[in-house]
Amino acid sequence: MARDTYLKLIGFITAIVLSVGDGLKHDQKSVGETDFPFTTDGQRFPWNKMRLPEIIMPVHYELLLQPNLTLMNFFASVRIEVSVGVDTNSIVMHSKKLEIMKATLALLQEDGSHGSERNLHLLEYPPYEQIALLSDGILHSGKTYLINIDYFGNLSDSYYGFYKSSYKTQSGELRVLASTQFEPTAARMAFPCFDEPVFKAKFTIKIQREPRHITLSNMPIINSFVLPDGLIEDQFDVSVKMSTYLVAFIVADFKWVTKETKRGIKVSVYSVPDKINQTLFALDAAVKLLDFYEEYFAIPYPLPKQDLAAIPDFESMAMENWGLTTYRETALLYSSETSSTSDKLGITKVIAHELAHQWFGNLVTMKWWNDLWLNEGFAKFMEYISVNITFPELQVKEFFLDKFFRAMEVDAFSSSHPVSTPVESPAQIQEMFDEVSYDKGACILNMLMDYLTEDVFKTGTINYLRRYSYANAKNEDLWNSLTNICHSDDADESRLNEPQLCRRNSDLPPGSHWFMEDGLDVKTMMNTWTLQKGFPLVTVTLKGRRVFLHQEYFQKGSNAQDPNSETAGYLWHIPLTYITSHSKTMKRHLMKTKEDVITLSEEISWIKFNVDMNGYYIVHYANDGWDALINLLRRKHTTLSSNDRANLINNAFQLVSVDKLPLNKAFDLTLYLRNENSTMPVFQGMNELVPIYKLMERREMVEVETKMKAYIVDLFKNLIDQQSWGNDGSVSERLLRSWLLLFACVRNYQPCVDRAKEYFRKWKDSNGTLSLSTDVATAIFAVGAQTTEGWDFLFEKYTHSLFSSEKGKIKAALTLSNNTEKLQWLMDQSLEGDTLKTQDLPYIIVLISRNPKGHHLAWEFVEKNWEKLVQKSKYFLNL
């Protein structure tokens, strides 16, 4: 599920809610570890653990739904074919906020017929979201049974389960639809089920609807007929074997566009009728990416269709439901008139992410949520692999570096967690959807690919997908698939038999430390990256021809230097790479001990580790190591790649934060930025310097703040002045222009402000019909929003715009106003959820909190409305 950006935005509001909710879950869990708990009516519940027993396995669900979009409820029935592994008289499964009216059981005969039905006694235990169906007789091991359940539910007010959504047409008519979001633990809100990833089954779904609506689900419709009451029943084909969280269905008045892949897979994009002309880019991208994945994985996409649906109300960015991926409108809809280069890149990446899940996550699913990263880390990683090959003009590979920086920013604190970490309750599971699972997961996979080579890594992952298709896997299954690659029948022998890959240490060239003594041991190496939180700091000390290495746990915060902390003994197997002043050919060294030494063939003046930042670690250059690199950047910064330059900027300021490097040294390094014009070093320079400026701004250190702003503007002044206000240039250049001009205008750089004012005046005089450069529209709107008249005009355009991309740019600009009454009104309206959608509430609060006129206002708003925010946050967190 592509949701990392959104999670970053809502984090500061929801972190406390999560911890409170999780505490409640732990209190409830303590009820029954040794004793079976009591139900609400005083009966003993026959199970005492958060996770279900695996003695009964679902085989096939038949689900019939009749949603009422007027009364906002649904009647339904589900018939579940189950296989019994151990004699029992109870069936424990999940159900949440469903009213079960009747439950029966019948023995399924070998010929497909079933015996007489007998009633089951219902027990409910809401703290675990579980029900137990008790039988008067024994369910025998080895037998198959049919469970029939009739039930009733209300469409959820949250963004989880089977929930209601709405939108307004261009004429102002309010229309209602119903959609689903089941990951991670919300299928139980739509139908009683075994709602854990390991309980894979097939699904047959039937939905009854009004003629004005259509229905969608994972599989195509195979039959539709009119019922006596005038409703239409759509019957969907039987699904492949899959986990409950991947089931999806929609009832709406959507329109759609359709194309086919090279192999005849039907791809369709759905949206509300007024926005159907914004679906064509997504359709072309989805077809192209689906073709790519089939070829890359050498495993055919197993369904006859792939639908992509833009949902008006959607909590995260997107969801990978098998055959019916769902998206926020901003993550799927594209208009050449209003969407920027950044929008186009973002939409392409999100589609690539969700389609990668059709293999990583859907075909092969983690056994439990502790290994969520096997789904999300791979999907995030494959975003960049797929888009880099299918859309080379988007230059996506250049921006992968940002994943390292984002992940490390979170992973550097003691509050982080290992990539693979134990979780039990729904609240704990929800916490796993963060930068560690997504971004760090992708980063360590990238590091591993660099270590193994791309061909070897690809072959190993294909082996993994083939071996665990339609099944579940855990951490070590992936490592074993990659470790045993040299013995694979599918291996490309000419590639895999290269000496450095598959021979033992005795066959390697003298002095090589790149591979383990006993051969390629991926599991041992990667366990140090997935079972330990954080990442290493490698200190490099150059003495003559010898390079002394020391690794330690990098941590920010009060416990960073505590020798008694749990992290004190952390040790990583680090695949180091380096170049030197005498050789730009990359060298490798696998560091497995706390101290190590590399002996060079000659003395050098400088050394740079972590080439292109393919490794997930930070480097400190002791003695005069930093001085040598700073001098190199001043003399000829292009000696190092743009990634290496961005890496040095990041590492320097990270080291300042833990008192390993003086601040003035990091500032000395940034002086070279006056001559920099590559996107990632400029981005990273701004990302390090602007927070320092904003800290001074918040503390009202006016004199220092003014000097700091002048310093930043001076560094980038020449580059800012060179920017055009059009849509010309490469993707990288256009993104750089967008960020530079927004920065300059918001910081009141007068040439930028004057130009933006002129563009805004002309746009306003045209009543918003003048075409603006999509890449600089946010900067223009931000300047326009500084007057009451301009702000009101922007908001009026926001309310009537059909373009999600345009609305997003206007919304961001509105939060940059200096008018505190306007900022307060925005938050109030977001909380109300009418003029501004509830899904945008965290986004609005966070953006206003970053505004120097709004950060106190945002805090007071959160403080005053805490109880309401907790309720709203439950929509996002499903506590």
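Attention here is on the structure that accompanies the text. (Residues numbered from 1 in each chain as written. Predicted model: local features only at pLDDT ≥ 70, side-chain atom pairs only at ≥ 80, totals over all residues. Heavy atoms only, no water.)

1. Some points on the overall build of the protein chain
Part 1: Secondary structure summary: the protein chain contains 26 helices and 29 strands in total.
Part 2: Here the protein chain has a C-alpha radius of gyration of 28 Å; the compact-globule value for 879 residues is 29 Å, and the two agree.
Part 3: By its C-alpha atoms, the protein chain is 85 × 75 × 55 Å across when sized along the principal axes.
Part 4: Restricting to contacts in the protein chain with at least 6 residues of sequence separation, those with at least 24 account for 71%.
Part 5: One way to put it: in the protein chain the 92 positive side-chain charges average out to a point 3 Å from where the 109 negative ones average out. (Helix = DSSP H or I, 4+ residues; strand = E, 2+ residues; numbered from the N terminus. Rg over C-alpha atoms; globule rule 2.2 N^0.38 Å. Contact = heavy atoms within 4.5 Å. Lys, Arg positive; Asp, Glu negative; His and termini not counted. Charge placed at Lys NZ, Arg CZ, Asp CG, Glu CD.)

2. Side note on the pattern of salt bridges
Part 1: By the definition in use, this model includes 40 salt bridges.
Part 2: Between lysine 96 and glutamate 129 there is a salt bridge; the shortest N-O distance is 3.3 Å. Here glutamate 129 lies in the loop between strand E6 (121–125) and strand E7 (130–139) and lysine 96 lies in the loop between strand E3 (88–94) and strand E4 (99–107), a separation of 33 residues in the sequence.
Part 3: Residues arginine 737 and aspartate 728 are paired through a salt bridge, measuring 3.6 Å at the closest nitrogen-oxygen approach. (Salt bridge = Lys/Arg side-chain N within 4 Å of Asp/Glu carboxyl O.)

3. A closer look at the packing of helix H7 (residues 435–452) against helix H12 (residues 522–530)
Part 1: Two numbers describe how H7 lies on H12: the axes approach to 11 Å, and their chain directions differ by 155 degrees. Considered as vectors, H7 and H12 are oriented roughly antiparallel to each other. The chirality of how H7 crosses H12 is right-handed. In this structure, H7 contributes Lys440, Ile444, Met447, Leu448, Tyr451 and Leu452 to the contact, and H12 contributes Val522, Met525, Met526, Trp529 and Thr530.
Part 2: For the contact of H7 with H12, the per-class residue count stands at nine nonpolar, one polar and one charged. (Axes fitted to C-alpha atoms, helices over the stretch in contact; angles between N-to-C directions. Parallel < 35°, antiparallel > 145°, perpendicular 65-115°, else oblique. Left-handed = near helix turned anticlockwise from the far one by under 90°. Nonpolar A, V, L, I, M, F, W, Y, C, P; charged D, E, K, R; others polar.)

4. Remarks on the sheet that holds E3
By way of backbone hydrogen bonds, the strands of a sheet pair with one another, either parallel or antiparallel.
Part 1: With respect to topology, three strands assemble into an open sheet ordered E3-E7-E6, the strand pairing being antiparallel. The outermost strands of the open sheet, each flanked by one partner alone, are E3 and E6. Direction aside, the axes of adjacent strands within the sheet are offset by 25 degrees on average.
Part 2: Sheet topology note: the E3/E7 ladder contains six bridges and is antiparallel. Of the residues in E7, the one forming a bridge with threonine 88 is leucine 139. (Pairing = 2+ DSSP bridges.)

5. So, the nonpolar core
One broad trend across soluble globular proteins is that nonpolar side chains are buried collectively.
Part 1: Counting residues in each nonpolar core, the largest one holds 281 residues, and the members touching the most others are Tyr151, Phe191, Ile351 and Phe609.
Part 2: Element by element, the count of residues in this core is highest for helix H2 (residues 280–297), at twelve residues.
Part 3: If we skip the residues at most four places from it in the chain, phenylalanine 191 touches Tyr61, Leu63, His94, Leu98, Tyr151, Phe182, Phe203 and Val247. (Core = buried A, V, L, I, M, F, W, Y, C linked by side-chain atoms within 4.5 Å. Buried < 20%, exposed > 50% of the residue type's maximum accessible area, 1.4 Å probe, protein only.)

6. Regarding H7
Part 1: Between its first and last C-alpha, H7 extends 24 Å over 18 residues, near the 26 Å set by a 1.5 Å rise per residue.
Part 2: Most pronounced at glycine 441, the bend in H7 amounts to some 25 degrees.
Part 3: Across the 18 residues of H7, 17 count as buried, placing the element largely inside the fold.
Part 4: Regarding H7, its N-cap is aspartate 434, as a side-chain oxygen of that residue lies 3.1 Å from the backbone nitrogen of valine 436 further along.
Part 5: Looking one or two residues past H7, threonine 453 carries a phi angle of roughly 85 degrees, positive in sign. (Expected span 1.5 Å × (residues − 1). Bend = angle between axes of the 7 residues up to and from the residue. Polar contact = N/O pair within 3.5 Å; in protein donor to acceptor, adjacent residues only side chain to side chain.)

Shape descriptors only; they carry no functional weight alone.
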